[in-house]
Amino acid sequence: MSSLDNPLPDKAFDSGLYIVATPIGNLADLSQRAVQLLTAADIVAVEDSRVTGKLLHHIGLKKKMRRYNDYSSADDRDRLLAAAQTGVVVLVSDAGTPLISDPGYKLVRAAREQGIYVSTAPGPSAAIAALSISGLPTDKFLFAGFLPAKEKARAAAINGYRNIDATLIFYESGPRLGSALAALALVLGGRGAVVARELTKKFEEVVTGTLPDLAARYANETPKGEIVVIISPPEAAGTAEEGDADAALAEALTRLPAAKAAAEIAHRFALDRKQVYARANAMKSKCS
Ligand code: SAM
């Protein structure tokens, strides 16, 4: 007997809350079990009824949908959980696995607190899909979701990851990719990285390089579509020459004024001079 169970017959689901993954771009990735659960659902909790409506239409279903997101009230949650006591409530997000940079955490937590049966139809998630084809170490990884949009908060967040001994995974958008890569290169130096774009879709693209290479490539290019950035752990970092731009900047600041140190390090690591200068000033003010 293999470890795989037989597919469930229709309607063989206990009442409860089911977290169901949906495709990240290719409808053929919708699992048979996801279809069975959506068919059995009494309520489908959705981020956006237009997006899930299309998916349901694709599989010939019309279902009662209820909007659910991070801003939903405790009452909204309680209503869904009351329904899960006696029926099948399915939570989906617009794409991929719910709760992974998507709504659902508070709902699952509340369901567990209330002793409601919680189960899953697992499936696509962009983070795992990208990691699996990145060629970067997969034994230990940290999924960090989206970096903060504001420069200062983003730099602080990246700084918090610099000593983590694991492959790092970030979600990113096209318009922010260039500046995010520049900020990552500044703190994490010459580590190997991968930009995985539009996975499972027509224009899927995977670009590999060091962080400074990728920062330079995307400095003036705004790629379309959805993006995952993967970065190797510190051990697998590039050459000593590429090393850690932050450490190099700290060293340069011991012998040069901020502007000159920033110019030198920006040139050496192919980074944005303005960002390096801002970082130099931040370092100086920390020390003073
Ligand atoms: N819950 C989803 C999952 O499991 O992957 C992620 C939802 S999050 C709101 C959306 C982000 O995931 C996008 O901005 C992008 O960073 C990433 N993403 C989603 N689909 C993708 C794809 N087909 N290719 C690359 N990245 C994707």
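For every chain, the first residue of the written sequence is number 1, and numbering continues from 1 onward in sequence order. Totals for whole chains, interfaces and linings use all residues, but because this is a predicted model, local features are given only for residues with pLDDT of at least 70 and pairs of side-chain atoms are given and counted only at 80 or more. Working from all heavy atoms in the structure, the side-chain values ignore hydrogens and water.

Caption draft 1: Highlighting unusual backbone geometry. Although it is not a glycine, Ser 101 sits at a positive phi angle of roughly 55 degrees. Secondary structure elements follow DSSP: runs of H or I no shorter than four residues count as helices, runs of E no shorter than two count as strands, and numbering proceeds from the N terminus. For Ser 101, the position within the fold is in the loop between strand 4 (88-91) and helix 4 (105-113). Note on Ser 101: relative accessible area 32%, which makes it partly exposed. For Thr 200, which is not glycine, the phi torsion reads 70 degrees and is therefore positive. Structurally, Thr 200 is set in the loop between strand 8 (192-197) and strand 9 (205-210). Buried means the residue's accessible area, taken with a 1.4 Å probe over protein chains only, is under 20% of the maximum for its type, while exposed means over 50%, and partly exposed covers the values in between. Exposure remark for Thr 200: the relative accessible area of 25% places this residue in the partly exposed category.

Caption draft 2: The arrangement of the nonpolar core in detail. Nine residue types can take part in a nonpolar core, namely buried Ala, Val, Leu, Ile, Met, Phe, Trp, Tyr and Cys, and a core is a set of them joined through side-chain atoms within 4.5 Å. Ranked by internal contacts, the top residues of the largest apolar core, which has 41 residues, are Phe 170, Leu 181, Leu 184 and Ile 231. With nine residues, the top contributor of residues to this core is helix 7 (residues 174-188). An automatic or database domain assignment supplies the residue ranges for each domain. When residues of this core are assigned to domains, at least three map to each of domain 2 (127-232) and domain 3 (237-287). Every residue pair with non-hydrogen atoms within 4.5 Å of one another is taken to be in contact. For Leu 184, the contacting residues outside a window of four places in its chain are Leu 147, Ile 158, Phe 170, Gly 189, Leu 211, Val 229 and Ile 231. Within the second largest apolar cluster, 18 residues are counted, among which are Leu 55, Leu 61, Val 90 and Ala 121.

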